[in-house]
Amino acid sequence: MDNFQAVEILMIEDNTHDAELALRALAKHNLANKVFVVKDGAEALEYIFAAGAYAERDFAKKPKVILLDLKLPKVNGIEVLRKIKADEEMKLIPVVILTSSNEERDLRACYKLGANSYITKPMNFEKFSETVATLGLYWLLVNQPPG
C-alpha cells in the first residue's frame, strides 16, 4: 500500500468527467501524482479512517487536503464532512467543498460542520481547470497546516 503514502490530495468525486478534468488541471502544476480519487462517500470514509478495503493504509499518513463533492452515492458529502470533523485525528485536515450545489442551506451546513472552503464548480472547462489548479497550489504550497 505504499502508493497511499504520498497522497496529499484526497478527491471525493463520483463524476468521472469532473475527476479527470481536475486531475488534468493538477497535472499542469505537477500535483496530480499526489492525488487519490474515491468515487463515493462510503469509500471515502473507508480511505480516511483506514478501514475496509483500505485497512492496510497507514492511518498516520493523512492527506494534506480533501476535495469533497456533496452529491455522492452511498454516503452524501455532508455526512462525510460531519464524520471527518467529529474525529479528533482527522478534524485538522482542511476540507474544501467542491460541488455543483449553490444552495444556501448546503453552504451553511458545510461551514457549520467545519468546512474550510466552499466552492461551486464552474460549468466552463477553463474556469473549472483554473479553480482546481488554484486550489491545489494554495492548499499544498501556500497554506501552513498545523504540525
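A brief structural summary. (Residues numbered from 1 in each chain as written. Predicted model: local features only at pLDDT ≥ 70, side-chain atom pairs only at ≥ 80, totals over all residues. Heavy atoms only, no water.)

### Quick look at the overall build of the protein
Line of reasoning, step 1. Within the protein, the secondary structure is distributed over five helices and five strands.
Line of reasoning, step 2. Starting at the N terminus, the α and β elements of the protein follow one another as β-α-β-α-β-α-β-α-β-α.
Line of reasoning, step 3. Over its C-alpha trace the protein gives a radius of gyration of 14 Å, about what one expects of a compact globule, namely 15 Å for 147 residues.
Line of reasoning, step 4. On the principal axes, the C-alpha backbone points of the protein span a range of 40 × 35 × 30 Å.
Line of reasoning, step 5. The buried share of the protein, taken over its 147 residues, is 46%.
Line of reasoning, step 6. Carbon together with sulfur atoms contributes 51% to the accessible area of the protein, which is approximately 7,700 Å² in total.
Line of reasoning, step 7. Across the protein, the 19 positively charged side chains and the 21 negatively charged ones have centroids separated by 4 Å. (Helix = DSSP H or I, 4+ residues; strand = E, 2+ residues; numbered from the N terminus. Rg over C-alpha atoms; globule rule 2.2 N^0.38 Å. Buried < 20%, exposed > 50% of the residue type's maximum accessible area, 1.4 Å probe, protein only. Areas by Shrake-Rupley, 256 points an atom, 1.4 Å probe, with all protein chains shown as cover. Lys, Arg positive; Asp, Glu negative; His and termini not counted. Charge placed at Lys NZ, Arg CZ, Asp CG, Glu CD.)

### A word on helix α2 (residues 41-48)
One full turn of an α-helix is made of 3.6 residues, so residues set three or four places apart face in the same direction.
Line of reasoning, step 1. By the burial criterion, the buried members of α2 are Gly41, Ala44, Leu45, Tyr47 and Ile48. Along α2, the residues classed as buried sweep out an arc of 160 degrees about the axis, all on the same side.
Line of reasoning, step 2. Where α2 is buried, its residues meet β1 (9-12), β2 (35-38), β3 (65-68) and α3 (77-86).
Line of reasoning, step 3. With a side-chain oxygen positioned 3.0 Å from the backbone nitrogen of Ala42, the residue opening α2 is Asp40. (Arc of directions from axis to C-beta. Contact = heavy atoms within 4.5 Å. Polar contact = N/O pair within 3.5 Å; in protein donor to acceptor, adjacent residues only side chain to side chain.)

### So, the side chain of Asp40
Line of reasoning, step 1. Following the sequence through the fold, Asp40 ends up in the loop between β2 and α2.
Line of reasoning, step 2. Take Asp40: its relative accessible area is 10%, and that puts it in the buried class.
Line of reasoning, step 3. Here Glu43 takes part through its backbone nitrogen, which lies 2.7 Å from a polar atom of the side chain of Asp40.
Line of reasoning, step 4. Contact partners of Asp40, with chain neighbours within four places excluded, come to Ile12, Pro73 and Lys74.

### Things to note about the pattern of salt bridges
Line of reasoning, step 1. Applying the stated criterion to the full structure yields 13 salt bridges.
Line of reasoning, step 2. Its salt-bridge partner being Lys34, residue Glu8 comes within 3.9 Å of it at the nearest N-O pair. With a gap of 26 residues between them, Glu8 in the segment before β1 and Lys34 in the loop between α1 (16-27) and β2 connect regions that are remote in the sequence.
Line of reasoning, step 3. According to the relative accessible area criterion, Lys34 is partly exposed, its value standing at 28%.
Line of reasoning, step 4. Among the salt bridges present, the one from Asp106 reaches Lys71, with a minimum N-O distance of 3.4 Å. Separated by 35 residues along the polypeptide, Asp106 in helix α4 (residues 104-113) and Lys71 in the loop between β3 and α3 bring together distant segments of the chain.
Line of reasoning, step 5. Looking at Lys71, the relative accessible area reads 43%, which means it is partly exposed.
Line of reasoning, step 6. Bridged by salt links that share partners, the residues Glu13, Asp18, Asp69 and Lys121 form one connected network. (Salt bridge = Lys/Arg side-chain N within 4 Å of Asp/Glu carboxyl O.)

Everything listed is a geometric property; what it means functionally is a separate question.
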